[in-house]
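# Notes for the structure review
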Amino acid sequence: MRQVYPAHREADVVLRDGSTVHVRPVRPEDEGAILAFYQGLSAEARKLRFFGEATDLEQAARDDTRVDYVNDCTLVAEAGPEHRIVGVATYRRLDGDRAEVALAVADAYQGRGLGTILIGHLAEIAESNGIRVFVAWVLPENYRMIQVFRDLGVPVEIRAGIEEIRVTFPTSLTSEAIERFERREQIAAAHALEAVLRPRAVAVIGASRQRGTVGGELFHNLLEYGFNGPVFPVNRNARVVQSVLAYPSIESVPEPVDLAVIAVPAPEVPKVAEECGRKGVRALVVISSGFAEIGPEGRARQDELLRICRAYGMRLVGPNCIGVINTDPEVRLNATFGPLPPAAGRVGFASQSGALGLAIIDYARSLGLGLSSFVSMGNKADISGNDLLNYWETDPRTDVILLYLESFGNPRKFARIARRVARKKPIVAVKSGRTSAGVRAASSHTGALLAASDVTVDALFRQTGVIRTETLEGLFDVATLLANQPLPKGRRVAVVTNAGGPGILAVDSCVAHGLEVPELHETTQEQLRALVPPHASVINPVDLTAPATAEVYRRAIPLVANDASVDALIVIYLPPLRVPSEDVARAIVEAAREVNALGKPMAAVFLSSHGVPEALQDSEVRIPSYAFPEAAAIALARAAQYAEWRERPLTPAPDFPDIRRDEAASVIASVLGRGGGWLDPAETARILSCFGIRLVEQELVATPEEAAQAAARLGGLLVLKAVAPGLTHKTERGAVRLGLESPAAIEAAAREMQERLSREGFTALRFLVQRQVVGGVELLVGVTHDRHFGPVVVCGLGGVLVELLRDISVRLTPLAVEDAREMLRELKGFPLLTGYRGSPPVDIAAVEELLLRVSALAEELPDVAELDLNPVIARADGVVVVDARIRIEQAEPPLPLGARTRPWW
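Residues numbered from 1 in each chain as written. Predicted model: local features only at pLDDT ≥ 70, side-chain atom pairs only at ≥ 80, totals over all residues. Heavy atoms only, no water.

Once that is clear, we can look at the overall build of the chain. Secondary structure assignment for the chain yields 29 helices and 39 strands. For 905 residues, the compact-globule estimate of 2.2 N^0.38 gives 29 Å, and the C-alpha radius of gyration of the chain, at 32 Å, lies within 12% of that figure. Expressed along its principal axes, the backbone C-alpha trace of the chain runs to roughly 90 × 90 × 55 Å. Per-residue burial for the chain yields a buried fraction of 56% across its 905 residues. (Helix = DSSP H or I, 4+ residues; strand = E, 2+ residues; numbered from the N terminus. Rg over C-alpha atoms; globule rule 2.2 N^0.38 Å. Buried < 20%, exposed > 50% of the residue type's maximum accessible area, 1.4 Å probe, protein only.)

So, about the nonpolar core. Counting 103 residues, the largest nonpolar core has Leu-402, Leu-403 and Ile-570 as the members making the most contacts within it. Apart from residues no more than four positions distant in its own chain, Leu-403 is found in contact with Phe-349, Ala-350, Leu-389, Trp-392, Phe-414, Ile-427, Val-428, Ala-429, Val-430 and Leu-475. Counting 59 residues, the second largest nonpolar core, distinct from the first, contains Leu-41, Tyr-109, Ala-126 and Leu-173. (Core = buried A, V, L, I, M, F, W, Y, C linked by side-chain atoms within 4.5 Å. Contact = heavy atoms within 4.5 Å.)

Turning to the sheet that holds strand β26 (residues 602-606), a few remarks are in order. Strand order in this open sheet of 5 strands is β24-β23-β25-β26-β27, and the pairing throughout is parallel. Of all strands in the sheet, those bounded by a partner on one side alone are β24 (542-543) and β27 (625-626). By the bridge criterion, 2 bridges tie β26 to β27 in an arrangement that is parallel. Along β27, the bridge assignment pairs Ala-604 with Ser-625. In the packing of helix α16 (residues 500-512) onto the sheet, the strands contacted are β23 (493-497), β24 and β25 (568-573), and the crossing angle to β23 comes to about 165 degrees. (Pairing = 2+ DSSP bridges. Axes fitted to C-alpha atoms, helices over the stretch in contact; angles between N-to-C directions.)

On to the environment of Tyr-109. Mapped onto the secondary structure, Tyr-109 falls in the loop between β5 (98-105) and α4 (114-128). When sequence neighbours within four positions are dropped, the list of residues in contact with Tyr-109 reads Leu-15, Val-21, Ala-79, Arg-84, Val-86 and Leu-114.

So, on to the side chain of Lys-425. Looking at the secondary structure, you find Lys-425 in the loop between α12 (411-422) and β21 (427-431). The side chain of Lys-425 sits in the buried core without any salt bridge; Asp-399 is the nearest counter-charge, 5.5 Å away. A polar atom in the side chain of Lys-425 sits 3.3 Å from the backbone oxygen of Glu-393. Engagement of the side chain of Lys-425 in a polar contact is seen with the backbone oxygen of Thr-398, the distance being 2.7 Å. Residues within four places of Lys-425 in sequence aside, it is in contact with Trp-392, Glu-393, Thr-394, Asp-395, Thr-398, Asp-399, Tyr-642 and Arg-646. (Lys, Arg positive; Asp, Glu negative; His and termini not counted. Salt bridge = Lys/Arg side-chain N within 4 Å of Asp/Glu carboxyl O. Polar contact = N/O pair within 3.5 Å; in protein donor to acceptor, adjacent residues only side chain to side chain.)

Secondary-structure assignment places Ala-749 in helix α25 (residues 743-759). On a C-alpha basis, the gap between Ala-749 and Pro-704 in space is 8.2 Å, while along the polypeptide they are 45 residues apart. Once you skip the residues sitting within four places of it in the chain, Ala-749 turns out to touch Leu-720, Arg-737 and Leu-740.

Here the focus is the pattern of salt bridges. All chains considered together, the criterion is met by 59 salt bridges. Put simply, Asp-12 and Arg-310 hold a salt bridge, and the shortest N to O gap is 3.3 Å. In this pair, Asp-12 is assigned in strand β1 (residues 11-14) and Arg-310 in helix α9 (residues 296-312), connecting sequence segments 298 residues apart. An identical accessibility class is assigned to Asp-12 and Arg-310; each is buried. Salt-bridge contacts for Glu-644 lead to Arg-491; the nearest nitrogen and oxygen are separated by 2.6 Å. In this pair, Glu-644 is assigned in helix α21 (residues 629-647) and Arg-491 in the loop between α15 (472-484) and β23, connecting sequence segments 153 residues apart. Several salt bridges share partner residues, and in doing so they unite Arg-462, Arg-648, Arg-811, Asp-819, Glu-822 and Glu-826 into one network.

Glancing now at the pairing of β1. Successive residues of a regular strand alternate their side chains across the two faces of the sheet. Of the two faces of β1, the one holding Ala-11 and Val-13 and the one holding Asp-12 and Val-14 are both buried throughout. Here β1 pairs with strand β2 (residues 20-25) via 4 bridges, running antiparallel. Its bridge partner lying in β2, Asp-12 is registered against His-22. Counting the residues in the hairpin turn of β1 and β2 gives 5 residues, including Gly-18, whose phi is positive at 95 degrees.

With that settled, consider the packing of helix α1 (residues 31-40) against helix α3 (residues 57-65). Remark: α1 packs on α3, axes separated minimally by 9 Å, with the N-to-C direction vectors making an angle of 135 degrees. Taken together, the axes of α1 and α3 lie oblique to each other. The two elements α1 and α3 meet at a crossing, and its hand is right-handed. Taking contact as the criterion, the partners of Glu-31, Ile-34, Leu-35, Tyr-38 and Gln-39 in α1 are, on α3, Leu-57, Glu-58, Ala-60, Ala-61, Arg-62, Asp-64 and Thr-65. Residues belonging to the contact of α1 with α3 are distributed by class as follows: 6 nonpolar, 2 polar and 4 charged. (Parallel < 35°, antiparallel > 145°, perpendicular 65-115°, else oblique. Left-handed = near helix turned anticlockwise from the far one by under 90°. Nonpolar A, V, L, I, M, F, W, Y, C, P; charged D, E, K, R; others polar.)

A few words now on the packing of aromatic side chains. In this structure the tally under the stated criterion is 17 aromatic pairs. Ring centres of Phe-37 and Tyr-38 lie 5.4 Å apart, and the angle between their planes is 45 degrees; this geometry places the pair in the tilted category. Each member of the pair, Phe-37 as well as Tyr-38, carries the same accessibility label: buried. Lying across the ring of Tyr-225, Arg-332 places its NZ or CZ 4.0 Å from the centre. (Phe/Tyr/Trp six-rings, centres within 6.5 Å; stacked < 30°, edge-to-face > 60°. Lys NZ or Arg CZ within 6 Å of the ring centre and 35° of its normal.)

Take unusual backbone geometry next. Residue Pro-541 follows Asn-540 across a cis peptide bond; omega there is 10 degrees. Among the structural elements, Pro-541 can be located in the loop between α17 (522-529) and β24. Cis peptide bonds are those with omega within 30 degrees of zero, and the linkage from Asn-870 to Pro-871 qualifies with 5 degrees. In this fold, Pro-871 is placed in strand β36 (residues 864-875). At Lys-380, a residue that is not glycine, the phi angle is positive and equals roughly 55 degrees. A residue is classified by how much of its surface remains accessible, and Lys-380, at 16% relative accessible area, is buried. Its identity is not glycine, yet Ala-764 carries a phi of approximately 55 degrees, on the positive side. Note on placement: Ala-764 falls in the loop between α25 and β32 (766-771). Since its relative accessible area comes to 58%, Ala-764 is described here as exposed.

Here we come to the confidence of the model for the chain. For the chain, per-residue confidence averages 89 on the pLDDT scale, and 93% of positions sit at 70 or higher. Scored below 50 in pLDDT, residues 901-905 makes 24 contacts in the model with residues more than four places away or belonging to other chains. (pLDDT = per-residue confidence, 0-100.)

Our focus in this paragraph is the environment of Ile-162. Along the polypeptide, Ile-162 turns up in the loop between β7 (157-161) and β8 (164-170). Ile-162 gets classed as exposed once you look at its relative accessible area, which sits at 79%. Expressed as a C-alpha distance, the spacing of Ile-162 and Arg-209, which sit 47 residues apart in the sequence, is 72 Å.

Ordered by their spatial adjacency, 7 strands build an open sheet running β17-β16-β19-β18-β20-β21-β22, and the pairing between neighbours is mixed. A single partner strand is all that each edge strand has here, and the edge strands are β17 (333-336) and β22 (467-468). Inspection of the sheet shows strand β16 (residues 323-326) paired to β17 by 4 bridges, in the antiparallel sense. Paired with Val-324 across the two strands is Ala-335, which belongs to β17. α15 contacts β18 (344-351), β20 (400-405), β21 and β22 of the sheet and is inclined by roughly 170 degrees relative to β20.

Under the 1.5 Å per step criterion, the end-to-end length of α21 is 27 Å for 19 residues, consistent within 8% with the ideal 27 Å. Listed in full, the buried residues belonging to α21 are Pro-629, Ala-632, Ala-633, Ala-635, Leu-636, Ala-637, Arg-638, Ala-639, Ala-640, Tyr-642, Ala-643 and Trp-645. (Expected span 1.5 Å × (residues − 1).)

It is worth spelling out a nonpolar patch on the surface at this point. On the surface, Phe-51, Leu-94 and Trp-137 cluster together to form a nonpolar patch covering roughly 250 Å² of accessible area. Position of Trp-137 relative to the elements: it lies in strand β6 (residues 133-138). On the basis of relative accessible area, Trp-137 is assigned to the partly exposed category, the value being 30%. (Patch = residues over 30% accessible without salt bridge, like charges linked within 9 Å, V, L, I, M, F, W, Y side chains within 5 Å. Areas by Shrake-Rupley, 256 points an atom, 1.4 Å probe, with all protein chains shown as cover.)

What follows covers the packing of α17 against helix α18 (residues 550-561). Look at α17 against α18: their axes get within 10 Å of each other, and the N-to-C directions meet at 175 degrees. By the angle class used here, α17 and α18 are roughly antiparallel. Every residue of α18 that contacts α17 at Thr-524, Gln-527 and Leu-528 is listed here: Ala-556, Leu-559 and Val-560. A class-by-class count of the residues in the contact of α17 with α18 yields 4 nonpolar, 2 polar and no charged.

Time to look at the state of the cysteines. According to the stated counting rule, one finds 0 disulfides in the structure shown. The thiol sulfur of Cys-276 is not disulfide-bonded, and the nearest other cysteine sulfur, from Cys-309, lies at 8.5 Å. Relative accessible area serves as the criterion here: at 0%, Cys-276 is assigned to the buried category. (Disulfide = S-S within 2.5 Å.)

The structure is reproduced here in structure tokens:
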């Protein structure tokens, strides 16, 4: 029986050379196209695929299209505007959990990674259908096919037979396999962006003779900046543009073109893009606006543009952007229409806002912060921040990465890439839109705590080592420090100043942002006393007093930096009347050489209406200088936090061997069969049990009489809770009674609840009788499924006041051991867990394990839309869940491995 066509398996993927193809499951009508593909293979390729040339190709094509997408499945890869098939991969179940796999790739597409991509996607489908092992038979001379399987990163077993080799490998992709796919994406992104940032020839389509227009300034800037290659103006109404011979269309340009910059009215862009595709252009930068940002009509136009780019294998920056810049002397590309290019430097910058990008370039120039490259992403129809991170990771001219983001296309993919890149290079980001109006109403405590906030973005950045700043000014404060100074080895800061007030402000800000201001060693204090007046403070902050000369600064700074209790310095100067600022600036620069030689960063604060002295801006040793002490302290705090994250060992999410995944999945499947919704207490208990999460001893009953019988069996101090569809926040409803000591008390309480709640309209009432847990600390642990970010784990102080206190910590799944540890220690109420005012400390390791098990549950069961464990009682003897709710909702299938986007149609 033919299954429903699995449209969610369609994906656009990037090949090793940066070009793109479309991968999708086969359709019955593909039979003729597959036959043509097989007929177009070389004789050698057909022999390797079919073990000889006498194969009935018509029957092979017929077999490939007669699939049920479960026991057998075929994937095809399409390329070009005519969607010609360039690759076919098929599996057919042999027996039980084994299937035979076969692959063919067009001769022109071999060696570009397509075969491995097809097999990887096919393995994902097979595993989801219960197939655990792929088997392939290959001819001895077809050793390249064996390498395709090895490139997956899974263990490959080979057994030689008579004139054939049998290859077997698992369909489950290991972490190494996934890492290899991501590495291929990184290489592909680098190749794709070579055409954007290092083109050999550029065409400006819409180049204008008139300066002051977008097309005029774009073309002028490319010439003025000195692009090291030909620049072709394309203008159908002019023979010459700014003294350069123009062409009526891109197809009339006589030489190859790598990059086309398009500045024509939006309705004309798709036609121009089609011409670029026919010309063989490798990448487009579309400046024009009038696409998805204006509504449905623009969205349709953008989809058409992307479809054309995909069909021709072109990469796209924009639309609705201001262009790209590469300051490399070997390239010198300024394809923007801004008034001034940035200074050359070692900072890569990407902006999702076009207009803001121009202002940012100007601001960076005023700070003396040089850029290696700049990309205005615009609507991010194709090339996104993920691609740029992949590119800058290996770019030898980029040391620091800056991002201005307004949205995420694929946050979980961003997390994987950013976590890897940030281990090598700092990433500093401003993410606008700190509130999310219109978040769906959330009925659990966990959902309510996360609604209408961007704590998920904070969690994403925190887990991946991305430094988040609140403002663009803060972004550049941190970037200037990171681009010019070493990372601090700790949080201990010394402040050197010639004025007490600014020094105190610096100390307060340091402490407020998690830095330490230790007392200097007695030896350091003695050495400083020899430089300063007797009344000066030398403990920390070090107050050199107002008359301090340049020479005093030059000698004092290295003394402080050599103190073993100091990891970083803030040097403040408030210019008095008699001491020239330039002299002090030169002294600070000279001293900074010694400070940096010790591997310690230094920030300067010049409180002067005349700005920062040129000696600090233009010296070989660049000292980041700030207008006020607070900015310097915040920048150092961000750098210290990042340095600590980078030194943190990588710990994977733990594997719990006692988890019963299949049993849990069967519960979810049955709930989805009735349309999803909130699980009943029995189903909830079963799911938690499958993941080793301890629930308080309890019984679910239907009547007050049965409640009394359950109380007799449980014994001791008891709790009674009413259960009914739609009955949430039970305490406010009077649906919870604590401290009941006998079966009679339980029965009486149940009858009272039954009568009152029935009058209030609740039906199908049942009762939960539980043992009462005495003592301990009440916590909340929960999960909500964010439609952009995936599962989000929350923990905090629990109980009925959870939404009032809002003392929570948030992380995205999967949690590593270190994530769970940090979540607890971020809570303001964490001292309650360690033994506050004589109370016994709780088993913190058990709480951390609970967080990790909840994370595993969320990862394994993507249909869990909300999970709310509140309260969780943490005590010295472990943790126990007292109340639990789980809501099930059909999850959207994830993007296939390595996919860039959903299909464009």
